[in-house]
Amino acid sequence: MQKTLEGLVTPFVAIVIALLIGAGVMLVTSHNPLTAYGALFSGAFGSTINVSNTLANAIPLILSGLGVAIAFKAGLFNIGAEGQYWIGSMAAVWIGYSVPGLSPILHVSLSIVVGMLAAGLWAGIIPGLAKAFVGAHEVITTMMMSYIAIFLSHYMLENGPMMQPGFTPQSPVILPSAMLGKLVERTQLSWGLVIALAACFIIYWLLYKTTLGYRLRMVGLNARAAKYAGINVPLHLVLALFISGMLAGLAGAVQMLGVQHRLYDSFSSGYGFTAIVVALLANNNPFGVILASLFFAALSTGGQSMQLVSGVPAHLTDVISGIIIFLVATKNIVQMVQKRWRKRQTIAPVKEA
């Protein structure tokens, strides 16, 4: 518990400092920070509809953030969650409109499973195997695969088999049997929230209550020590990226089935990139991912209200997000330097002796 509380200190301090710097920017530009932040909070949580939309925006962040977090736990930097999100979205939408005659439970389940498997294989086969067997850095491979996924989706919707006849590049609407039901009517909040919360508990159980989770964390802490202990490091690297991709694909599938119901060529979520920030702010803790996702979803939902009420540009929320990234990353860099310094201080007396 003490370690968990200590892990919450840095994210909390980072958020407070970022909000204070944002307030300073508002004062310099002749805006009232209290009015702006009040409008932001009201826009995110001021009514049942606003709360529901904030929770809806948090769902893909929670799922993709979990994916990035589990990769980080295994010592991997999955920068390609955005592409995996697209692959999961495409696969889920394709099953959603092209497989008629299924019951709602079966159709939704099939769409989600196919979306997860497609995204998991997208992350695990090329980036995972390349990392495990030839040492290719996953930052490069996952990022390049992300671009391939995005351009593949453009082809599928503009000239490919998923294009619906007409002037707007888009897929057909998924069948009603593949749509996730709404938790709150006239909002975007679907049963995807239950799926996201269940995924957090499952990933926590996987990481901290199973042998596989222990091995993944051990590989992330020290791959050489894990190999010496008899753990198949290449296999667990592939598994980590596969599971990470599955979660990002689940985010895309849930968003398509619960909110958009079709894939647009102009669709650009940004969830996969924001997920990296979410995982960093949550310190890769599955339950911390929920809180971090709610925070960034609130910034996104309340940003428009802040602009309308106070005149502060909604893009100021991006500045706040960037400051948080910088502060969290600075702490990690300081910790890394401190560890190396202590290691040198420990080795130096041994060499002298």
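Anything mentioned here points back to the structure above.
Residues numbered from 1 in each chain as written. Predicted model: local features only at pLDDT ≥ 70, side-chain atom pairs only at ≥ 80, totals over all residues. Heavy atoms only, no water.

A.B. asks: What's the story with the overall build of the protein chain in this structure? I'm lost.
C.D. replies: When you go through the protein chain residue by residue, the secondary structure sums to 13 helices and 0 strands. Residue burial in the protein chain is summarised as follows: out of 353 residues, 48% are buried. Carbon and sulfur atoms make up 69% of the accessible area of the protein chain, which amounts to about 17,500 Å² in all. (Helix = DSSP H or I, 4+ residues; strand = E, 2+ residues; numbered from the N terminus. Buried < 20%, exposed > 50% of the residue type's maximum accessible area, 1.4 Å probe, protein only. Areas by Shrake-Rupley, 256 points an atom, 1.4 Å probe, with all protein chains shown as cover.)

A.B. asks: Explanation requested: the side chain of Ser171 in the structure shown.
C.D. replies: Relative to the helices and strands, Ser171 is located in the loop between helix 6 (138-158) and helix 7 (192-209). The exposure class of Ser171 is buried, given its relative accessible area of 0%. At 2.9 Å, the side chain of Ser171 forms a polar contact with the backbone nitrogen of Leu263. When near neighbours in sequence (up to four residues on either side) are disregarded, Ser171 contacts Val93, Tyr97, Leu157, Met162, Gln164, Arg262 and Leu263. (Polar contact = N/O pair within 3.5 Å; in protein donor to acceptor, adjacent residues only side chain to side chain. Contact = heavy atoms within 4.5 Å.)

A.B. asks: Can you help me understand the packing of aromatic side chains in this one?
C.D. replies: Centre-to-centre distance and the angle between the planes together describe a pair of aromatic rings. Under the criterion given, the structure shown has 7 aromatic pairs. Between Phe41 and Phe45, the ring centres sit 5.3 Å apart and the planes meet at 50°, which makes this aromatic pair tilted. Placement of the pair is Phe41 and Phe45 together in helix 2 (residues 33-45), with a separation of 4 residues, close to one helical turn. Looking at Phe41, the relative accessible area reads 54%, which means it is exposed. Look at Tyr85 and Tyr271: their rings are 5.6 Å apart centre to centre, the planes differ by 50°, and that puts the pair in the tilted class. (Phe/Tyr/Trp six-rings, centres within 6.5 Å; stacked < 30°, edge-to-face > 60°.)

A.B. asks: Help me out: how do you make sense of the packing of helix 7 against helix 8 (residues 211-221) in this one?
C.D. replies: Two elements in contact, helix 7 and helix 8, have axes separated by 5 Å at closest approach and are oriented at 75°. Between helix 7 and helix 8, the angle falls in the class roughly perpendicular. Mapping the contact onto sequence places Leu206, Leu207 and Tyr208 in helix 7 and Leu212, Gly213, Tyr214 and Arg217 in helix 8. Grouping the constituent residues of the contact of helix 7 with helix 8 by class yields 5 nonpolar, 1 polar and 1 charged. (Axes fitted to C-alpha atoms, helices over the stretch in contact; angles between N-to-C directions. Parallel < 35°, antiparallel > 145°, perpendicular 65-115°, else oblique. Nonpolar A, V, L, I, M, F, W, Y, C, P; charged D, E, K, R; others polar.)

A.B. asks: In this structure, what is going on with the pattern of salt bridges? I would like to understand it.
C.D. replies: Pairs can form between side chains of opposite charge whenever their charged atoms are close. Under the defined criterion, the tally for this structure stands at 1 salt bridge. With its nearest N and O atoms 3.1 Å apart, the salt bridge here joins Lys131 to Glu138. For Lys131, a relative accessible area of 23% gives the class partly exposed. Relative accessible area serves as the criterion here: at 1%, Glu138 is assigned to the buried category. (Salt bridge = Lys/Arg side-chain N within 4 Å of Asp/Glu carboxyl O.)

A.B. asks: Help me out: how do you make sense of helix 4 (residues 81-98) in this one?
C.D. replies: Along an α-helix, a turn takes 3.6 residues, which lines up residues three or four apart on a common side. Over its 18 residues, helix 4 extends 26 Å from the first C-alpha to the last, a length consistent with the 26 Å expected when each residue adds 1.5 Å. Helix 4 sits mainly inside the fold: 16 of its 18 residues count as buried. (Expected span 1.5 Å × (residues − 1).)

A.B. asks: I would appreciate a short explanation of the nonpolar core in the present structure.
C.D. replies: Nonpolar side chains tend to gather and get buried jointly when the protein is soluble and globular. Within the largest apolar cluster, 78 residues are counted, with the highest numbers of intra-cluster contacts made by Ile62, Leu63, Leu66, Leu281, Phe296 and Ile324. Per-element tally for this core: the top contributor is helix 3 (residues 48-73), with 11 residues. In contact with Leu66, other than residues within four places in its own chain, are Ala199, Cys200, Ile203, Leu247, Pro286 and Val289. Counting 11 residues, the second largest nonpolar core, distinct from the first, contains Ala74, Val233, Leu237 and Leu241. (Core = buried A, V, L, I, M, F, W, Y, C linked by side-chain atoms within 4.5 Å.)

A.B. asks: In this structure, what is going on with the packing of helix 7 against helix 10 (residues 233-260)? I would like to understand it.
C.D. replies: Geometrically, a packed helix pair is captured by the angle between its two axes and the distance between the axes. Where helix 7 meets helix 10, the axes come as close as 11 Å, and the angle between the chain directions of the two elements is 170°. One element, helix 7, and the other, helix 10, form an angle in the roughly antiparallel class. Mapping the contact onto sequence places Gly192, Ile195, Ile203 and Leu206 in helix 7 and Ile243, Leu247, Leu250 and Val254 in helix 10.

A.B. asks: What is the right way to read the environment of Gly258 from this model?
C.D. replies: For Gly258, the position within the fold is in helix 10. Among the residues examined, Gly258 registers a relative accessible area of 0% and is labelled buried. Sequence separation between Gly258 and Gln188 is 70 residues, and the spatial gap between their C-alpha atoms is 7.5 Å. Excluding its chain neighbours within four sequence positions, the residues that come into contact with Gly258 are Leu180, Lys182, Gln188 and Ser190.

A.B. asks: How should I be thinking about the environment of Leu61 in this particular structure?
C.D. replies: With respect to the element layout, Leu61 can be found in helix 3. A C-alpha to C-alpha distance of 9.8 Å links Leu61 and Val277, two positions 216 residues apart in sequence. Other than its neighbours up to four places away in sequence, Leu61 contacts Tyr271, Thr274, Val278, Val289, Ser293, Phe296 and Ala297.

A.B. asks: Before we go on, may I ask you to explain a nonpolar patch on the surface in this structure?
C.D. replies: Residues Val9, Phe12, Val13, Val16, Ile17, Leu20, Ile21 and Val25 make up a contiguous nonpolar surface patch of about 670 Å² in total accessible area. Here Ile17 is to be found in helix 1 (residues 2-28). Given a relative accessible area of 33%, Ile17 falls into the partly exposed group. (Patch = residues over 30% accessible without salt bridge, like charges linked within 9 Å, V, L, I, M, F, W, Y side chains within 5 Å.)

A.B. asks: Mind showing me how you'd approach helix 7 here?
C.D. replies: End to end, helix 7 covers 25 Å across 18 residues, agreeing with the expected 26 Å (1.5 Å per residue, within 8%). If you check which residues of helix 7 are buried, you get Gly192, Leu193, Ala196, Ala199, Cys200, Ile203, Leu206 and Leu207. Take helix 7 and look down its axis: the buried residues cluster within an arc of 145°, on one side only. Exposed and oriented more than 90 degrees from the buried face of helix 7 are Phe201, Ile202, Trp205 and Lys209. Looking at the buried side of helix 7, the elements it contacts are helix 3, helix 8, helix 10 and helix 12 (286-310). (Arc of directions from axis to C-beta.)

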